[in-house]
Protein chains: 2
Amino acid sequence: MIGVDWGTSSFRAFRLNHGGAVRDRVESGMGILRVPAGGFAATLREAIGPWLAAGEDRVLLSGMVGSRQGWVEAPYLPCPAGAAEIAAALVEVAFDGARVKLVPGLSDADQTDTPEVMRGEETQIIGVLDRLVADAEHEGPVAQEAWACLPGSHSKWARIRDRRIVAYRTYLSGEAFAALRGGTILGRMMTDGPHDPRAFARGVARAAEPGHLLHHLFGVRTLGLMGRLGEAESASYLSGLLIGHEVRAALPAGALVHLIGAPVLCGLYADAVVAFGGQAAIMDADAAARGLAAIGGAADWT
Amino acid sequence: MIGVDWGTSSFRAFRLNHGGAVRDRVESGMGILRVPAGGFAATLREAIGPWLAAGEDRVLLSGMVGSRQGWVEAPYLPCPAGAAEIAAALVEVAFDGARVKLVPGLSDADQTDTPEVMRGEETQIIGVLDRLVADAEHEGPVAQEAWACLPGSHSKWARIRDRRIVAYRTYLSGEAFAALRGGTILGRMMTDGPHDPRAFARGVARAAEPGHLLHHLFGVRTLGLMGRLGEAESASYLSGLLIGHEVRAALPAGALVHLIGAPVLCGLYADAVVAFGGQAAIMDADAAARGLAAIGGAADWT
């Protein structure tokens, strides 16, 4: 089968063998925002045409391609949900020459009934379930729950139990970082440059101190004004401050967190998780491919 | 004497009589960012020339005009400080035809030694001290401390005792609101329109619920996505969320807060203060003029 992780700004297709291993892959910048109106079928065919010609006839898509701005809107499936529940809720898409199905996003609600949404992350989490189960068994019977974090513009923290995503919470940290850097006086004191691990750690440590994030943010300016934070350090400090606040709020005490996403960003989150007393394990980059294989394997293609 | 509140984007000059009452006033958009290099003296003379010609010979300036980007940099004076301490630390500026002095900003540091800075707000606080003292006496001997809040891009919460500013904290709420609205997906769901008091109150109430601000921010998107928050309501909700978080963090339990600033913004803060169990009093618009009169009256002009 063919699995496609089709997000807002990226397109990643995998040709998967029966065991779920990646046999071939295609990546491009053709995220859904770059697809012209009515152009989803053509974009897909252009990317995976050779595999279809070679006999593949099952295609599973996950990510924002199933959103209102995507190809077809796939209604959210409520948590708790695992591969079986997701596979039973796939949405069929008309396509000439292959069966094409869409993974629904997962919905949830926090303790005060504010809605949560994800699209694509559920597939990546399904792709690391074997590892989560193995780690939980390694920790013994106490660890009945596992935690996955998918850092990004809208970071997700998911609680997993019995191979199902039980609940999750979203934090706007990545987008807030970009907006604060690009749109406030804080950014005017920042020069571009390499990541500064020491400044990042200072930001994380600051997040552990008393005071609200909105107060801590002003400190980015005053520390710079007083010569205690250099212009080349400020961006890493702000990043540490925001990631630190997120991890402090989201991390269950002492938990082992499985990080799924871009390796550099996962590394930053791992540092923050450890700083707040947790443990971190960074997953490999093929979580989405394995999740697509697992969901596709549980689906009814007849 | 003449008092001038000269900020980043505004210029307000007052001709003050001996009692400190405003005899005449001039306002313009000639904030320090619009003054050409080397043009501070000329800008000032153009605005207050007629008063100088009428015999005024003492000019007191407060605000960002005393910053590194201003006319002359006036070093920060550390808290605690009142009118006498500030008056003793004025910085003289060369000007032909009148004595011109600059009010220094006030510095402070929070419990973890992160610096705080203000320029201009100290003068406004000095301008409401009589009212603060009267209110404290009204509340009886228990109320030895008074609280002032100056909402804005960088909101200040100041603790006052014995007519001196003892300490203060800054919150980046106003700038964060603008950056989040202008630079994230949250803003793309917002239409311009009148302030929506009900949506604002919902945002304030949300700030009282469990969960970090970074998580609450994502709810602005999901509530919109689910049709539970209209595009015309979202901006007011986001404003309530940020102001609510600030007030929740900054408000001492049950305190009476004196709000100084733009009347509409002070009204929003008053609503949030009351929602979190405090009391609010909105000061009139001439706090800066009275503060300049009080500091000028305590200064040595010989």
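Our structure's up above, just so we're on the same page.
The sections below set out a description of the structure shown in this document. Because the structure is predicted, anything quoted here is derived from the model rather than measured.

### Let's talk about the pairing of strand β1 (residues 2–6) of chain B
All names here are of chain B. For β1, the tally of buried residues reaches five of five residues, placing the bulk of the element in the interior. Side chains I2, V4 and W6 project from β1 onto one buried face, and the interleaved G3 and D5 project onto a second face that is buried too. Inspection of the sheet shows β1 paired to strand β2 (residues 11–16) by five bridges, in the antiparallel sense. Its bridge partner lying in β2, G3 is registered against F14. Hairpin connection, β1 to β2: the antiparallel pair is bridged by four residues. Pairing of β1 with strand β4 (residues 58–62), which is carried by four bridges, proceeds in the parallel orientation. Across the sheet, D5 pairs through a bridge with S62, a residue of β4.

### Examining the interface of chain B and chain A
Taken residue by residue, the interface counts 46 residues in chain B and 46 residues in chain A. Carbon and sulfur atoms supply 67% of the area that chain B and chain A bury against each other, a total of about 3,900 Å² over both sides. The three residues of chain B that bury the most area against chain A are L172(B), L214(B) and F218(B), which together make up 18% of that side's buried surface. Applying the counting rule to chain B against chain A returns four salt bridges. One salt bridge connects D110(B) with R206(A), and the closest N-O pair in it is separated by 2.8 Å. Here the side of chain B that touches chain A gets ten residues from one element, more than from any other, and that element is helix α8 (residues 213–225) of chain B. Partitioned by chemical class, the residues of the side of chain B that touches chain A number 20 nonpolar, 13 polar and 13 charged.

### Overview of the sheet that holds β4(B)
Residue and element names in this part refer to chain B. With mixed pairing, the six strands of this open sheet are ordered in space as β3-β2-β1-β4-β7-β6. Two strands bound the open sheet, and with one partner strand each, they are β3 (22–28) and β6 (91–93). The mean angle between the axes of side-by-side strands here comes to 20°, regardless of whether they run parallel or antiparallel. On top of the sheet, helix α1 (residues 40–53) reaches β1, β2, β3, β4 and β7 (99–102); it is set at about 145° to β1, its chief contact.

### Quick look at the environment of C266(B)
Residues and elements named next belong to chain B. Mapping C266 onto the fold places it in helix α10 (residues 263–275). In sequence terms C266 and G183 are 83 residues apart; their C-alpha atoms lie 25 Å from each other. With residues near it in sequence (within four places) discarded, C266 still touches P151, L259, I260, G261 and I282.

### Let's talk about the pattern of salt bridges
If charged atoms from side chains of opposite charge come close, those side chains can pair. On inspection of all chains with the given rule, the structure shows 36 salt bridges over all chains. Of the charged contacts, one joins K101(B) and E92(B) as a salt bridge, the two residues approaching to 3.1 Å between their closest N and O atoms. Residue class for K101(B) comes out buried when judged on its relative accessible area of 7%. Classification of E92(B) by relative accessible area gives partly exposed; the value is 42%. If you follow the salt bridges from partner to partner, you end up with E92(A), R99(A) and K101(A) in one network.

### Regarding the side chain of S107(A)
Residue and element names in this part refer to chain A. Following the sequence through the fold, S107 ends up in strand β8 (residues 106–109). Since its relative accessible area comes to 16%, S107 is described here as buried. In this structure, S107 is in contact with Y76, L77, P78, C79, E116 and Y168, ignoring residues within four places of it in sequence.

### A short note on the sheet that holds strand β10 (residues 146–150) of chain A
Residues and elements named next belong to chain A. Pairing is mixed across the open sheet formed by five strands, whose spatial order is β12-β11-β10-β13-β14. One side of each edge strand has no neighbouring strand; the edge strands of this open sheet are β12 (164–171) and β14 (279–282). When the angles between neighbouring strand axes are averaged without regard to direction, this sheet yields 25°. Sheet analysis places strand β13 (residues 256–259) next to β14, joined by four bridges and oriented parallel. Note that in β14 the partner of L259 across the bridge is I282.

### Concerning unusual backbone geometry
Negative phi values dominate among residues other than glycine, just as trans dominates among peptide bonds. All names here are of chain A. At the junction of C79 and P80, the peptide bond is cis and its omega measures out at -5° in the coordinates. With respect to the helices, strands and loops of the structure, P80 is situated in the loop between β5 (77–78) and α2 (83–87). One non-glycine residue, D113, lies in positive phi territory at about 70°. Looking at the element boundaries, D113 is found in the loop between β8 and β9 (115–118). Using a relative accessible area of 45% as the deciding quantity, one classes D113 as partly exposed. A positive phi angle, close to 60°, is found at R163, a residue other than glycine. Relative to the assigned elements, R163 resides in the loop between β11 (155–161) and β12.

Conventions we followed
- For every chain, the first residue of its written sequence is number 1, and the numbers climb from 1 along that sequence.
- The lettering of chains begins at A and the numbering of ligands begins at 1, in the order of writing.
- In keeping with the model being predicted, local features are shown solely for residues with a pLDDT of at least 70 and side-chain atom pairs are shown and tallied solely at 80 or more, while totals for entire chains, interfaces and linings include all residues.
- For side-chain calculations, the full set of non-hydrogen atoms in the structure is used, while hydrogens and water are omitted.
- Note on exposure labels: buried denotes an accessible area under 20% of the residue type's maximum, exposed denotes more than 50%, and partly exposed covers the range between, all computed with a 1.4 Å probe on protein chains only.
- Starting at the N terminus, helices and strands are each numbered in turn, a helix being any DSSP run of H or I of at least four residues and a strand any DSSP run of E of at least two.
- For two strands to be treated as a pair, DSSP must find no fewer than two bridges joining them.
- Two residues qualify as a contact provided that any one of their heavy atoms is within 4.5 Å of a heavy atom in the partner residue.
- Buried area is calculated as the accessible area (1.4 Å probe) missing from two parts once they are joined, with the contributions of both summed.
- The term salt bridge refers to a side-chain nitrogen of Lys or Arg lying within 4 Å of a carboxyl oxygen of Asp or Glu.
- Think of it as three bins: nonpolar holds Ala, Val, Leu, Ile, Met, Phe, Trp, Tyr, Cys and Pro, charged holds Asp, Glu, Lys and Arg, and polar takes everything else, Gly as well.
- For helices, the axis comes from a line fit to the C-alpha atoms of the stretch in contact; other axes are also lines fit to C-alpha atoms, and the angle between any two N-to-C directions lies between 0 and 180 degrees.

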